[in-house]
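Each chain, written out:
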There are 2 protein chains.
Amino acid sequence: MEELDERKVKILNAIIQNYLETGEPVGSRTISKSSDLNLSSATIRNEMSDLEELGYIVQPHTSAGRIPSDKGYRFYVDHLIAEKDEEISDIKDLMIEKTEKMEKMLKQVVKVLANNTQYATMISAPAITGTKVKFVQLSQVNEHQILSVVMMSGNIVKNKLIDVEEPLNSENMLKLNMLLNTNLNGLTVSDINLTLISRMKAQAGEFEDIIEQVLQTLAETIVDEEDTEIYTSGATNIFKYPELADTQKASEFISAFEEKEELRNLIADIETEGEEKGTGIQVYIGDESPIQTMKDCSVVTATYELGDGVKGTIGIIGPKRMDYKNVMDNLSHLKKQLDQMLKNNEE
Amino acid sequence: MEELDERKVKILNAIIQNYLETGEPVGSRTISKSSDLNLSSATIRNEMSDLEELGYIVQPHTSAGRIPSDKGYRFYVDHLIAEKDEEISDIKDLMIEKTEKMEKMLKQVVKVLANNTQYATMISAPAITGTKVKFVQLSQVNEHQILSVVMMSGNIVKNKLIDVEEPLNSENMLKLNMLLNTNLNGLTVSDINLTLISRMKAQAGEFEDIIEQVLQTLAETIVDEEDTEIYTSGATNIFKYPELADTQKASEFISAFEEKEELRNLIADIETEGEEKGTGIQVYIGDESPIQTMKDCSVVTATYELGDGVKGTIGIIGPKRMDYKNVMDNLSHLKKQLDQMLKNNEE
DNA sequence: GTTAGCACTCATAAAAAAAGAGTGCTAATA
DNA sequence: TATTAGCACTCTTTTTTTATGAGTGCTAAC
């Protein structure tokens, strides 16, 4: 808070608060009346002039009030957000209605979050990389097809049909299953290297083709998951914020949410970066966001964790004048819940 | 064509053609110049006046040109669309890039279709109801968990973890698997009635709990699929058509695509209804569509089929002035491809 | 240091004017 | 009788003009 004395901070805060609510540039008179420091509009004007010079606020045009700059928002997020922990409606009750399946749960989570915050939301499914093979099973479906079932930690199950020339007898099948399980069990996918592969093939003898295919399935599983599944909700909330609602911008924004490609990049970027003062939450204001389409927005994200270093990201995207406090609280609350839920599920 | 003589038909056609392109009301002068029947604008005006009286076209306001009414579009779709089969880029090549998984394929299909047509598109995954159980397999994952894998016709695989007090020995496991397969194989889910259930439980003896759970999984599978998965693409194409692009409408439209609830109803409605002169294609113009949000749109759908009466629906939603010809051609082409692909996959 | 006062700026809203597209009707024409 | 040219009239759309008003910066007084 070097360059700002207490009064300036108060005024800046008042400006931002007001702007968050209204979305309109705020003038000196408004502040003069609303804030508790009894100062005339003229005095405020002088201070505002200073604040502008320091880069915390800007004027859209000569005779308009001021709006926060990215730097202003940044200051707000870093220093001005009150610490009190508001009551947040427990999402747990809403979402656990027999949602056995991860996918359904995640879909519900983003939806609830979008409803709670009235912004656009996204969540990435926990990435499979680093998870371990828990269980492999081949079964003969009919004469020419074998079904391979692979279960990874986190109870993620992958199936694949493998075509074969002729059926395996049950003895061979048993052998193969043994072979696969003893060799693969507990390994992460990156552990499966060439040495291991050739050893397994050697052991499999005439059935090396099948091994080949199972391993390939595993590899594909990874590739599959490399472009992580992302679930979104509330993209149309953007229309609630006039500064983002013109057709041009809205179209791009919503397209980005439909395509999900950019979101994927965003998440990739985020997962490598730091976080906001130890809360596990990251805030990107305007240009700070790595993704161009969102330069008029702010992005707030949290990372949730399964056991084995498996991570997913949950994020909210809205106008710069977003209710940071509420959003951050919601996210950190949700993060905790997810962490906990997934851990339970893991056992 | 009772009430319309040849010339009126020609004029109506010209009006619609023109409106499809421009989206602007078309005046008598335009028609007079563009069409091949050499008539003055005055004559056209008289004819247009008649056409309006008959309800095929309307005037947005007194001194504007005419635009087609729903009745006009309907006439166009029923009688005026040329029959020639234009070349349509083969979607097959684009989509079969090792898309083993139905889901991915469907996602790609809607995307390609949206790209080809520049409208919003949707596709419903083939409903599982009526498919048959092909294969069931239980396997011991660890001491307290059994994985049940059920494969249905169409190669749809469902997994479920079942908790057990203590592990089954391999002999019992084998027995249970036998039991399940012999009893369930080839049955549709609706075939599984109480008689069968109690018989199976009796046979299972002390393991009736497990049978119970497997069957429950099957039941849940159905419920899961009852609200069919729907994939969409190109919702933002709506912004390309000014008559639909105002924030209000666009927001509703895109929300409907995000929620998918209304689309689901739409599809449910459609699957019970008739089709356009034996092409397997249905066209809903404006109010003809059962869903309110789309009353300013037209909806064109096709139903594709897997073997056993398992159906899915693919649809295009766009402005009333949609390029019906192109859309219908695209759909019927795609329908054929899907039918074929899925049949291959089925074997 | 603070404030009242005032001239000035500039976006926005409202009002007025102009332009244009298209019609309906009438009377002339083939 | 069917077609067409011509013209007045209607409405929307666009452009121009004219307020309106919020908000500033600066100066001078407190």
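Sequence order as written defines residue numbering, which begins from 1 separately in each chain. Labels are handed out in written order, letters beginning with A for the chains and numbers beginning with 1 for the ligands. Local features in a predicted model are, by the rule used here, given only for residues with pLDDT of at least 70; side-chain atom pairs are given and counted only at 80 or more, and totals for whole chains, interfaces and linings are based on all residues. With hydrogens and water set aside, each side-chain value is computed from the structure's full complement of heavy atoms.

Draft legend 1. Quick look at the packing of aromatic side chains. Residues and elements named next belong to chain A. Under the pairing criterion, centres of Phe, Tyr and Trp rings, with the six-membered ring standing for Trp, must be within 6.5 Å; the plane angle then separates stacked pairs below 30 degrees from edge-to-face pairs above 60, leaving the rest tilted. One pass over the full model with this rule turns up 10 aromatic pairs over all chains. Aromatic pair Tyr-73 and Tyr-324: ring centres 5.9 Å apart, planes at 55°, arrangement tilted. Taken together, the positions of Tyr-73 in helix α4 (residues 70-80) and Tyr-324 in helix α12 (residues 324-346) put the pair 251 residues apart, joining distant regions of the chain. A 1.4 Å probe rolled over the protein chains alone gives each residue an accessible area, and that area as a share of the maximum for its type sets the label: buried under 20%, exposed over 50%, partly exposed in between. What makes Tyr-324 buried here is its relative accessible area of 0%. Ring pairing ties together the aromatic residues Tyr-73, Tyr-76 and Tyr-324, which thus form one cluster. Stacked on the ring of Tyr-56, the Lys or Arg Lys-71 has its end atom at 4.6 Å from the ring centre. The secondary structure listing takes helices from DSSP runs of H or I that are at least 4 residues long and strands from runs of E that are at least 2 residues long, numbered from the N terminus. The criterion is that NZ of a Lys, or CZ of an Arg, lies within 6 Å of the ring centre and within 35 degrees of the ring normal, and then a charge sits over that ring.

Draft legend 2. Just the interface of chain B and chain A, in detail. The criterion used for residue contact is that any of the two residues' heavy atoms lie within 4.5 Å. The interface is formed by 40 residues belonging to chain B together with 39 residues belonging to chain A. Buried area: the accessible surface (1.4 Å probe) lost by two parts on joining, summed over both. For the pair chain B and chain A, the two sides together bury roughly 2900 Å², of which 52% comes from carbon and sulfur. In what follows, salt bridge is the name for a side-chain nitrogen of Lys or Arg lying within 4 Å of a carboxyl oxygen of Asp or Glu. The interface formed by chain B and chain A contains four salt bridges. We note a salt bridge from Lys-111 of chain B to Glu-259 of chain A, for which the minimum N-O separation is 3.5 Å. Within 3.5 Å is the distance limit for a polar contact, defined as a pair of N or O atoms, with the added protein rule that one can donate a hydrogen and the other accept it, and that residues adjacent in sequence qualify only through two side-chain atoms. Counting the contacts that link chain B with chain A gives 10 residue pairs in polar contact (both at pLDDT 80 or more). Those elements giving two or more residues to the side of chain B that touches chain A turn out to be α6 (102-117), β4 (133-142), β5 (145-152), β6 (156-163), α9 (208-226) and α10 (247-259) of chain B.

Draft legend 3. View of the protein's contact with DNA strand D. Residues are counted as near a molecule or strand when any one of their heavy atoms sits within 4 Å of it. Near DNA strand D, the surroundings consist of 21 residues, among which Ser-28 of chain A together with Arg-7, Ser-40, Thr-43 and Ser-63 of chain B are the closest. Between DNA strand D and Ser-40 of chain B there is a distance of 2.9 Å, counted from a phosphate oxygen to a backbone nitrogen or oxygen. Ser-63 of chain B has a polar side-chain atom sitting 3.0 Å from a base oxygen of DNA strand D. Of all elements in the fold, only α3 (41-54) of chain A together with α3 (41-54) of chain B reach the threshold of two or more residues within the surface near DNA strand D.

Draft legend 4. Highlighting the sheet that holds strand β10 (residues 311-319) of chain A. All names here are of chain A. Pairing in this open sheet of five strands is antiparallel, and the strands run β7-β3-β10-β9-β8 from one edge to the other. Pairing within the sheet leaves two strands with one partner each, and these edge strands are β7 (230-233) and β8 (281-285). Taking the axes of each pair of neighbouring strands and ignoring which way they run, one obtains an average angle of 15° across the sheet. Of the pairings in the sheet, the one linking strand β9 (residues 297-305) to β10 comprises nine bridges and is antiparallel in character. When the bridges of β10 are listed, Val-299 appears paired with Ile-317. Whether two strands pair depends on DSSP finding at least two bridges between them. Helix axes are fitted only over the stretch in contact, all axes being lines through C-alpha atoms; the angle between N-to-C directions runs from 0 to 180 degrees.

Any functional reading would require information beyond the geometric quantities listed.
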